[in-house]
Amino acid sequence: MSYKRSSINRPPTPDVDKDRENQEPTLQEIINIKFHVGISAFEFRDAECMAAHYATFFFIVYICIRAYTRKKGRSNVTVDDLVHVITPKGRASVPDSVKAELLQRIRSFLGSATT
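Rules used throughout
- Residues numbered from 1 in each chain as written.
- Predicted model: local features only at pLDDT ≥ 70, side-chain atom pairs only at ≥ 80, totals over all residues.
- Heavy atoms only, no water.
- Helix = DSSP H or I, 4+ residues; strand = E, 2+ residues; numbered from the N terminus.
- Buried < 20%, exposed > 50% of the residue type's maximum accessible area, 1.4 Å probe, protein only.
- UniProt positions renumbered as here; feature names shortened; annotations may be inferred.
- pLDDT = per-residue confidence, 0-100.
- Salt bridge = Lys/Arg side-chain N within 4 Å of Asp/Glu carboxyl O.
- Patch = residues over 30% accessible without salt bridge, like charges linked within 9 Å, V, L, I, M, F, W, Y side chains within 5 Å.
- Areas by Shrake-Rupley, 256 points an atom, 1.4 Å probe, with all protein chains shown as cover.

For the protein chain, an unreviewed UniProt entry supplies the name Transcription factor CBF/NF-Y/archaeal histone domain-containing protein and the organism Xanthoceras sorbifolium.

Written out as structure tokens, the structure is:
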């Protein structure tokens, strides 16, 4: 004996699209829009190359640290020792054009901050 149940009277579901029109975009949506609109294929490729360069640099640093700790012994190495070993190699690996550009940006920032 089956009988048909009457449906429950519920208020209508609000239309999601209409509510979405009145709201501001989320931060993630803004970032996505700016990324897709503001970045060209060249900039993206340049960013990829820079990321690969950083990965290579950190791998070289890792190899140098491992070699130094094996040479001196793990218990005989301090962070200061590692800094003194890695700093000259890191400074030498940065091109002079990048150093000049960073110095110019720092100078312009300090000039605008003091005025």
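Considerations on the overall build of the protein chain
If you tally the helices and strands in the protein chain, you get five helices and zero strands. Beginning at the N terminus, the succession of helices and strands in the protein chain can be written as α-α-α-α-α. When burial is assessed residue by residue, the protein chain has 5% of its 115 residues classed as buried.

Thoughts on the UniProt feature "transmembrane region" (unreviewed entry) in the protein chain
Within this structure's numbering, the places UniProt gives as "transmembrane region" (unreviewed entry) are residues 51-68. Taken end to end, residues 51-68 is 100% helix and 0% strand, and its first and last C-alpha atoms sit 26 Å apart.

Here's the deal with the confidence of the model for the protein chain
For the protein chain, mean pLDDT is 77; residues scoring 70 or higher make up 67% of the total. Mean pLDDT across the elements of the protein chain bottoms out in helix H1 (residues 16-22) (59) and peaks in helix H4 (residues 79-93) (87).

Points about the pattern of salt bridges
Scanning all chains against the criterion turns up one salt bridge. Between Arg-105 and Glu-101 there is a salt bridge, and its shortest N-O distance comes to 3.0 Å. In this pair, Arg-105 and Glu-101 both sit in helix H5 (residues 96-114), four residues apart, roughly one turn of the helix. Relative accessible area serves as the criterion here: at 54%, Arg-105 is assigned to the exposed category. We classify Glu-101 as partly exposed; its relative accessible area is 43%.

Brief notes about a nonpolar patch on the surface
On the surface, Met-50, Tyr-54 and Phe-58 cluster together into a nonpolar patch covering about 340 Å² of accessible area. With respect to the helices and strands, the residue Met-50 is situated in helix H3 (residues 41-72). Here Met-50 falls in the partly exposed class, since its relative accessible area comes to 44%.

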